[in-house]
Amino acid sequence: MPVAPPFIVRKAAVLGAGVMGAQIAAHLVNANVAAVLYELPAKEGDPNGNVLKAIDNLKKLEPSPLSISSKAGLIEPANYGQHLERLRDCDIVIEAISERMDWKADLYRKVAPYIGDRTIFASNTSGLSINKLSQSFPHELRKRFCGVHFFNPPRYMHLVELIAASDTDGAILDELEKFLVTTLGKGVIRAKDTPNFIANRVGVFSMLATIHHAQRLGIGFDTVDALTGSLIGRPKSATFRTADVVGLDTFAHVVNTMKDTLPGDPWHRYYAVPAWLKGLIDQGALGQKTRRGVYQKMGNDIHVLDLKTGNYRLSDGRADEAVIETLENRNVAERFAQLHASSNPQAQFLWSIFRDSFHYCAAHLAEIANNARDLDLAIRWGFGWNQGPFEIWQAAGWHQVANWISEDIATGKAMANAPLPAWAMEPGRTGVHSTRGSFSPAENAYKPRSALPVYQRQAFPDRLLGDEVKYGVTLFETDGVRCWHTGDDIAIVSFKSRMHAIGDDVLDGVLQALEEAERNYMGLIIWQSEPPFSVGANLKKTPAAGARPAQPSAVGRLFRQFKREAESLALKAARQLGVADQLMAGKLAEVERLVEQFQETTQALKYSMVPTVAAVDGLALGGGCEFIMHSDRAVATLESYIGLVEVGVGLLPAGGGCKEFALRAVADAKGGEMSPFLQKYFKAVAMAEVGRSAEHAREIGYLRPTDRIVMNRFELLEIAKAELRALAAAGYRPPLRATAIPVAGRSAIATIKAFMVNLLEGGHISEHDYLIGQKVATVMCGGDVEAGSLVDEQWFLDLERQHFMELIATEKTQARIEHMLKTGKPLRN
């Protein structure tokens, strides 16, 4: 019998160019998947007017749904009136129109005749029944229909829920999961076909519980957000700011879906849109998209709705110091015992929302999810919690917390009187996650992770409390690094410093790892078990992290990172610089020694006798960026934010970053005029440009055309190894040291200085900014020499070090560093 050809997505179609549809199309082209975006034909003018407007709007959204703005031009516009024939060429069709069962059914009947024989059709519904939706298709197409629920914003949120209908072919789901995981970089959870699936069901209930207890205890919305954000391991946007971002109308729709479809649920009476929320929606105050919701910006101040007066007031809610002290207790069991016993209203509020979420998850686990892992990961990936509800409960002491919940159910304090399920109260139960897997009530067994081949690419998947994680075999370990392997012939070095900052201990460790790799291994990979890759130089040694670093809280992290200008990112990196104490003590000689050591290490990376690969995820700033630029290959996740940011604190890159940009300008010029290329790279350094994606970093020049970009960060190490093996298999040799590098010289410096004079005279930069820019130009142009003069790499390194030390000795740079370290804000002096 002939074997069916493999499922390959050459082209995808998205039906519906609304908020979600357009952004799903954007993420498809981010992943280099050809995408056709459909919308209703415009009533006047160009029939594609509606869809073209949606595509153009993608370039205005923050955070950007596009890895680079030019990707918008790769989305093919289409409308239902003229272009249904194009669907025949699509391997997958994703429907993302409004959440109306009748509208979706009408659309399905309209497009069904144009769907190819092997095309998968998936609905992005956030909670409608997949089985009911499937009934609108012919029987033959139903086996290729499923739910594929992306979370907003689709580029950044890791979760996609995959939901089968009763007729869906299981093999098709496996193929689709592979595409979603590797090609689009998503974390896939198989959800059951129940209202709102897993993440929205639990996440929205958690928000409803928060609303209920806030009103019960008279706690203002801004205080609730102060309590339910980063203090308890959730996104900084917390509860009501998240509702504003998502859209109050969208939130209300999900609540109403639960109300309409879950009449027998013990918590049904809470599935209601509060009167104040309905009032805002009726007024058109829908949150961020209408510039007014629970919050409203008035001038430079943020105001919040006050339920007592019905008006907006200045947002100034704070968590009580006693509650903060409790939440900062690293002993989770003690923390929950204190919250449970406290009479403080804020503590009572927190215990109440945790209790009711635990109760709800336990009661509904068997109904909505295959096991506890799926529920916890769905909430982490879809709502940005650092830990899922069951993880938190387990860490707090399963048996004790279960008893407290049962007591509150018995006394009527809990939101519902349904008892905890019997499995949750089993004697001896310590949780739902263990080395055996995660508990499934339906099977009364612990279930291991998926065995699909795609997950063999993830040596270290996102770990849960209770997982046994062993990062290979240690070769050596110092205060700064751990060098190890996974049982093969590739050495890996990981940093132990906070935020993976690079101090002298890390530099020593990397040099030692290179020596070990040259002696005994095929090559060396720099890889961190958690992002960031590195925030850069840390001239003051920081203690090694002793505990598992908190995972980035998704929505809060994203909206902070992508709304910041490059200057703010520079400040974040520069906090790690930590040179203030040495400056004040007059230890400039020690600083210079560290700069020399940094240069020695980056050069060793470049000229090692075995290939070196930087496996990059998250922030890679300053010295972290220089490590990337000197490695033979970088493999970076799309969500890598790379940049040389030293000028933000009055310095310049001195670990070889300026030198590498100068060399790239020479290569780009191909024997011709270097100035245009130098000016591009000068701008990147002088403006502390940070790539807003790995693609953007490649545009700027931090990444090379040969560097790889991957979509799923959990596949990063596997692909880095493949790149290293390819380099080795090709007979790797390091580049020869260049001894005759042509420089642009003093004439190019003069051109750049003239440009900066205009900025200075226009009041756009300060005198000290001008000085910094002048020194950057001097280094990158090769110093005050004739154009075309020939130098070697050491010449550039000496210039970097000289001008770095001259800047660090100035009062104004020292003032900038000190001011930033004290306030976290830039100083323009």
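Each remark here, short or long, concerns the structure printed above.
Residues numbered from 1 in each chain as written. Predicted model: local features only at pLDDT ≥ 70, side-chain atom pairs only at ≥ 80, totals over all residues. Heavy atoms only, no water.

Thoughts on the packing of aromatic side chains
Then step 1. Taken as a whole, this structure holds 36 aromatic pairs when the rule is applied.
Then step 2. Ring geometry for Phe137 against Phe145: centres 5.3 Å apart, planes inclined by 50°, an arrangement best described as tilted. The two residues Phe137 and Phe145 agree in class, both being buried.
Then step 3. Among the aromatic residues, those joined into a cluster by ring pairs are Phe336, Phe354, Phe358, Phe390, Trp393, Trp398, Trp423, Phe439 and Tyr446.
Then step 4. The ring of Trp385 has Arg234 sitting right over it, with the charged end atom 3.7 Å from the ring centre.
Then step 5. Here the basic side chain of Arg737 rests over the ring of Tyr607, its NZ or CZ set 4.0 Å away from the ring centre. (Phe/Tyr/Trp six-rings, centres within 6.5 Å; stacked < 30°, edge-to-face > 60°. Buried < 20%, exposed > 50% of the residue type's maximum accessible area, 1.4 Å probe, protein only. Lys NZ or Arg CZ within 6 Å of the ring centre and 35° of its normal.)

Focus: the pairing of strand S17 (residues 490–495)
Then step 1. Among the six residues in S17, six count as buried, and that is most of the element.
Then step 2. The alternating pattern of S17 places Ile490, Ile492 and Ser494 on one face and Ala491, Val493 and Phe495 on the opposite face, and all of these are buried.
Then step 3. For strand S16 (residues 481–485) and S17, the ladder comprises four bridges, and the chain directions are antiparallel. In the sheet register, Val481 faces S17, and the bridge partner there is Phe495.
Then step 4. Joining the antiparallel neighbours S16 and S17 is a turn of four residues, in which Gly487 adopts a positive phi near 95°.
Then step 5. Looking at chain direction, S17 and strand S18 (residues 523–526) are connected through four bridges and run parallel. Of the residues in S18, the one forming a bridge with Ala491 is Leu524.
Then step 6. Handedness of the S17-helix H17 (residues 504–520)-S18 crossover: right-handed. (Helix = DSSP H or I, 4+ residues; strand = E, 2+ residues; numbered from the N terminus. Pairing = 2+ DSSP bridges. Right-handed = clockwise from strand over helix to strand, strands pointing away.)

Describing the side chain of Arg373
Then step 1. On the secondary structure map, Arg373 appears in helix H15 (residues 372–383).
Then step 2. Among buried charged residues, Arg373 stands out as having no salt bridge; its nearest opposite-charge side chain is Asp374, 4.7 Å away.
Then step 3. Beyond its immediate stretch of four places on either side in the chain, Arg373 contacts His433, Gly437, Ser438, Lys447, Pro448, Arg449 and Leu464. (Lys, Arg positive; Asp, Glu negative; His and termini not counted. Salt bridge = Lys/Arg side-chain N within 4 Å of Asp/Glu carboxyl O. Contact = heavy atoms within 4.5 Å.)

What to know about the pattern of salt bridges
Then step 1. Per the stated rule, a full pass over the model turns up 54 salt bridges.
Then step 2. Between Arg109 and Asp106 there is a salt bridge; the shortest N-O distance is 2.8 Å. Taken together, the positions of Arg109 and Asp106, both in helix H3 (residues 101–111) and three residues apart, correspond to about one turn of that helix.
Then step 3. Judged by relative accessible area, which is 49%, Arg109 ranks as partly exposed.
Then step 4. Residue Asp106 is classed as partly exposed on the basis of its relative accessible area, which comes to 46%.
Then step 5. Its salt-bridge partner being Arg241, residue Asp225 comes within 3.8 Å of it at the nearest N-O pair. Residue Asp225 is found in helix H8 (residues 221–227), and its partner Arg241 is found in helix H9 (residues 240–246); the two are separated by 16 residues along the sequence.
Then step 6. According to the relative accessible area criterion, Arg241 is partly exposed, its value standing at 31%.

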